[in-house]
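One letter stands for each residue in the lines below.
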Amino acid sequence: MTTTEAPAPAFRYIGTTDETNVCEDCGRSDLQRAVVLALLDADGNVEDRVRYGSDCAARALSIRGGGRAVAKAAENARIATLKAAAEAYERAERLLFDPATGEPTHERGFARTVGTMIRFNGGPGRWTDRGEAEQFTRQLIERSVQAVQDARLLGIADPARELRRLGYA
Ligand SMILES: [Zn+2]
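What you are looking at is a predicted structure, and each value in this text was computed from that prediction instead of being measured.

Novice: Describe the overall build of the chain, naming the residues involved and giving the relevant values.
Specialist: Looking only at helices and strands, the chain has five helices and three strands in total. Starting at the N terminus, the α and β elements of the chain follow one another as β-β-β-α-α-α-α-α. Within the chain, the fraction of its 169 residues that count as buried is 30%. For the chain, the share of sequence-separated contacts (at least 6 apart) that also reach a separation of at least 24 residues comes to 50%.

Novice: I'd like a description of the environment of D150, backed by residues and values.
Specialist: Along the polypeptide, D150 turns up in helix 4 (residues 130-153). Distance in space between the C-alpha atoms of D150 and A38 is 8.8 Å, their sequence separation being 112 residues. Those residues in contact with D150 that lie beyond four places of it in its chain are I14, T81 and A85.

Novice: Give me the sheet that holds strand 1 (residues 10-17): which residues, what numbers.
Specialist: Read from one edge to the other, the open sheet built from three strands follows the order 1-2-3, with strand pairing classed as antiparallel. Only two strands of the sheet have a single neighbouring strand rather than two, namely strand 1 and strand 3 (46-52). The sheet shows a mean angle of 20 degrees between the axes of neighbouring strands, direction not considered. In this fold helix 2 (residues 66-95) packs onto strand 1 and strand 2 (34-40), with an angle of close to 80 degrees to the strand it touches most, strand 1.

Novice: Give me helix 2: which residues, what numbers.
Specialist: Look at helix 2: 42 Å from first C-alpha to last across 30 residues, which is about the 44 Å you get at 1.5 Å a residue. L96, located one to two residues past helix 2, shows a positive phi value of around 60 degrees.

Novice: So, helix 4: which residues are in play, and what are the values?
Specialist: With 24 residues, helix 4 ought to run about 34 Å at 1.5 Å a step, and its terminal C-alpha atoms sit 35 Å apart, in line with that. For helix 4, the full list of buried residues reads A133, T137, I141, S144, A147, V148, D150 and A151. Positive backbone phi, approximately 85 degrees, marks G155, located one or two places after helix 4.

Novice: Please provide a residue-by-residue account of the nonpolar core, values included.
Specialist: Core analysis: the biggest nonpolar cluster contains 33 residues, and V35, L37, Y52 and A57 have the highest contact counts within it. Every element with two or more residues in this core is listed here: strand 1, strand 2, strand 3, helix 1 (54-60), helix 2 and helix 4. Ranked by residues supplied to this core, first place goes to helix 2 with eleven residues. When neighbours within four sequence positions are excluded, Y52 is seen to be in contact with C23, E24, D25, A34, V35, L37, A57 and A60.

Novice: Mind laying out unusual backbone geometry, listing which residues take part and the relevant values?
Specialist: Even without being glycine, S62 reaches a positive phi, approximately 50 degrees. By the element assignment, S62 lies in the loop between helix 1 and helix 2. Classification of S62 by C-beta neighbours within 10 Å gives exposed; the count is 10. Unlike most non-glycine residues, L96 shows phi in positive territory, near 60 degrees. Turning to its location among the elements, L96 is positioned in the loop between helix 2 and helix 3 (109-121).

Analysis parameters
- Residues numbered from 1 in each chain as written.
- Predicted model: local features only at pLDDT ≥ 70, side-chain atom pairs only at ≥ 80, totals over all residues.
- Helix = DSSP H or I, 4+ residues; strand = E, 2+ residues; numbered from the N terminus.
- Buried ≥ 20, exposed ≤ 12 C-beta atoms within 10 Å, placed from the backbone.
- Contact = placed C-beta atoms within 7 Å.
- Pairing = 2+ DSSP bridges.
- Axes fitted to C-alpha atoms, helices over the stretch in contact; angles between N-to-C directions.
- Expected span 1.5 Å × (residues − 1).
- Core = buried A, V, L, I, M, F, W, Y, C linked by C-beta atoms within 7 Å.

This is the structure:
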């Protein structure tokens, strides 16, 4: 093997934003909107979040279809991000944790959530185990915090309201 080309970094689309008109890749400052991407490490964890122009994103991440394909995918991701964040806020209220940090907002918040998981899913052999329910709860909270962070990166503090504004119920 003589190739020296680094593999394209793994990433996922978060959406688009008009909060900035600067491309963090090349420094160009006349973007109509930036595409927001999460760069992932080998385990799929978010290593960094970047805002690029669509053409730069296509080049930096070796995305087929170029800037147009990137812009379209990012536009679709924006809606998915808003929906996930709106769900996360609802879940945080129900399960008594802070959507920004994942910290419990009630003294017994986490324990109560785990109890809920055991009760509601303790039917035919699911989540009857406390350890499993705890792990599931932690993952659920982690995903929720992530979704809220993603939406904030798009400049959206109230995803439910933004979805209604865009005509999503
Ligand atoms: Zn650029």
